Amino acid sequence: MDDALRQAIELLLDPPAHPDVSRGYLDLLQSGTDAPSNSGVIQKAWASRAGSMLYDHAQLLNRRLLSATRPPLDWLGVPPGGIALDVGSGPGNITAALARAVGPGGAALGVDISEAMLERAVAAQAGPRVGFVRADAQRLPFRDASFDAVVSLAALQLMPDVVAAASEMVRVLRPGCRIAVMVPTVGPAAAMRVLAKGGARFFDEDELGDVFEGLGLAGVRTRTRGPIQWVRGQKA
Ligand SMILES: C[S@@+](CC[C@H](N)C(=O)[O-])C[C@H]1O[C@@H](n2cnc3c(N)ncnc32)[C@H](O)[C@@H]1O
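Owing to the predicted nature of the structure, the values given are computational and were not obtained by experimental measurement.

Comments concerning the sheet that holds strand β5 (residues 147-153)
An order of β1-β4-β3-β2-β5-β6-β8-β7 is seen for the eight strands of this open sheet, with the pairing classed as mixed. With one partner strand each, in any of the chains shown, β1 (26-27) and β7 (217-225) form the two edges of the open sheet. Taken together, the seven bridges between β7 and strand β8 (residues 228-235) define a ladder with antiparallel strand orientation. Bridge pairing in β8 places L217 opposite K235. Of the strands in this sheet, β2 (83-87), β3 (107-112), β4 (130-134) and β5 are in contact with helix α5 (residues 93-102), which crosses β3 at around 160 degrees. Sitting on the sheet, helix α6 (residues 115-125) touches β3 and β4, and the angle it makes with β4 is about 165 degrees.

Next comes the structure, spelled out in structure tokens:
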């Protein structure tokens with residue numbers, strides 16, 4: 001087992017007696033989850049092999065062209081040798097970028113609910129410093145204050161209980177460390193109607209910033225570029 005998965009197991013609230021890492025990721029969802037689940041067509045697509053492949057290609061192109069879709073790695077300031085968490089990690093390239101930003105001795109973990117996405121992430125990105133966990137972001141399996149940075153890109157809009165997911169991100173972050181979240185916001189009405197019909201929500205200008213402030217994050221900043229919004233903050 002790679003070191004990153006070993007680290008993931010060490011950080012668990014309730015480590016299983018026989019962790020299942022048979023598919024290259026740590027699977028914590030075999031027995032199901034009682035957190036609310038998303039049955040919309042968008043999440044169904046991300047849970048399928050074809051949909052996850054399409055998404056993977058689209059996001060690579062998107063990130064090459066649009067700097068607003070890339071995470072603020074320098075701003076996160078993960079200390080050398082630290083550990084970062086990517087929530088709703090999809091194909092895992094952001095998780096791998098986080099691990100590179102942490103530098104030697106550090107690691108990054110990605111959490112996702114979709115087996116198809118995790119399969120792609122493991123094939124393309126997993127290694128000694130990059131590990132993936134199948135779990136629900138609305139009930140993260142990690143102990144409090146486990147991570148030196150937490151990011152989540154284009155994933156919160158798919159979660160039925162956004163406040164639970166945001167609160168979990170803050171809970172697992174160490175005091176003094178930073179969080180950066182990217183979500184779709186109120187943008188061109190037609191695109192937003194498509195998202196809403198597909199089971200993804202979009203956020204009002206101050207909505208997510210207010211949620212994170214309510215959870216005690218300090219210095220919360222929101223930046224919106226067209227239909228993309230970044231919310232950043234620091235745990236006191
Ligand atoms: C649009 S993709 C974004 C992937 C990646 N963050 C990126 O930016 O390329 C959204 C991801 O969130 C995951 N997701 C949705 N609901 C989730 C949940 N409750 N817990 C964990 N992951 C979830 C989906 O399976 C999907 O892989």
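A few points about the UniProt feature "domain: Methyltransferase type" (unreviewed entry) in the protein chain
Here the UniProt-annotated "domain: Methyltransferase type" (unreviewed entry) positions come out as residues 85-180. Secondary structure over residues 85-180 splits into 33% helix and 30% strand, and the C-alpha atoms at its two ends are 11 Å apart.

A few points about the site of the ligand
Taken together, the neighbourhood of the ligand is formed by 20 residues, with Y55, R63, G88, D112 and L153 sitting nearest. One of the backbone N or O atoms of I113 is found 3.4 Å from a nitrogen atom in the ligand. Separating a nitrogen atom of the ligand from a side-chain N or O atom of D136 is a distance of 2.9 Å. Burial of the ligand by the protein amounts to 98% of the accessible area it has alone, namely 600 Å². Contributions of two or more residues to the shell around the ligand are made by α2 (41-46) and α3 (49-65). The residue makeup of the shell around the ligand, split by class, is eleven nonpolar, six polar and three charged.

What to know about the packing of helix α7 (residues 162-172) against helix α9 (residues 207-214)
Between α7 and α9, the least distance of the axes is 10 Å, while the angle of their chain directions is 50 degrees. What the angle tells us is that α7 and α9 run oblique. Judged by the sense of rotation from one axis to the other, the crossing of α7 with α9 is right-handed. Together, V162, V163, A166, M169 and V170 of α7 and L208, V211 and F212 of α9 make up the contact between the two elements. Along the lines of polarity and charge, the residues of the contact of α7 with α9 split into eight nonpolar, no polar and no charged.

Observations concerning α6
Among all positions of α6, only A116, M117, L118, A121 and V122 are buried. Contact partners of the buried residues in α6: α2, α3, β3 and β4. Where α6 begins, the side chain of S114 points an oxygen toward the backbone nitrogen of A116, at a separation of 3.4 Å.

Some thoughts on the pattern of salt bridges
By the definition in use, this model includes twelve salt bridges. When the shortest N-O distance is used, the salt bridge between R134 and D27 registers 3.3 Å. Taken together, the residues span a long stretch of sequence, with R134 in strand β4 and D27 in strand β1 at a distance of 107 residues. Neither R134 nor D27 differs from the other in exposure class; each is buried. Two residues, R49 and E119, come together in a salt bridge whose shortest N-O distance is 2.7 Å.

How each quantity is defined
Along each chain, residues carry numbers from 1 onward, in the same order as the chain's sequence is written. Predicted model: local features are reported for residues with pLDDT of at least 70 only, side-chain atom pairs are reported and counted for 80 or more only, and whole-chain, interface and lining totals are derived from all residues. No hydrogens and no water enter the side-chain calculation; it runs on all heavy atoms of the structure. Two strands pair under a simple rule: DSSP has to find at least two bridges between them. Strands here mean DSSP runs of E at least two residues long; helices mean DSSP runs of H or I at least four residues long; both are numbered from the N terminus. The contact criterion used is simple: two residues touch if any of their non-hydrogen atoms lie within 4.5 Å. What counts as an axis is a line fitted to C-alpha atoms, over the stretch in contact for a helix, and the angles between N-to-C directions run from 0 to 180 degrees. UniProt positions are given in the numbering used here, feature names are shortened, and annotations may be inferred rather than shown by experiment. We call a residue near a given molecule or strand whenever any one of its heavy atoms falls within 4 Å of it. Any N or O atom pair separated by 3.5 Å or less is treated as a polar contact, with the protein-specific requirement of one donor-capable and one acceptor-capable atom, and with residues adjacent in sequence counted only for side-chain atom pairs. For accessible areas, the Shrake-Rupley method is used with a probe of radius 1.4 Å. Any residue's cover is judged against the shown protein chains and nothing else. In this classification, Asp, Glu, Lys and Arg are treated as charged, Ala, Val, Leu, Ile, Met, Phe, Trp, Tyr, Cys and Pro as nonpolar, and every other residue, Gly included, as polar. Here is the rule for angles: anything less than 35 degrees is roughly parallel, anything more than 145 is roughly antiparallel, 65 through 115 is roughly perpendicular, and the remaining ranges are oblique. Should the near helix be turned anticlockwise from the far one by less than a right angle, the crossing is termed left-handed; should it be turned clockwise, right-handed. Three labels apply to residues, based on accessible area from a 1.4 Å probe with only protein chains included: buried if under 20% of the type maximum, exposed if over 50%, partly exposed otherwise in between. Whenever Lys or Arg places a side-chain nitrogen within 4 Å of a carboxyl oxygen from Asp or Glu, that contact is recorded as a salt bridge.

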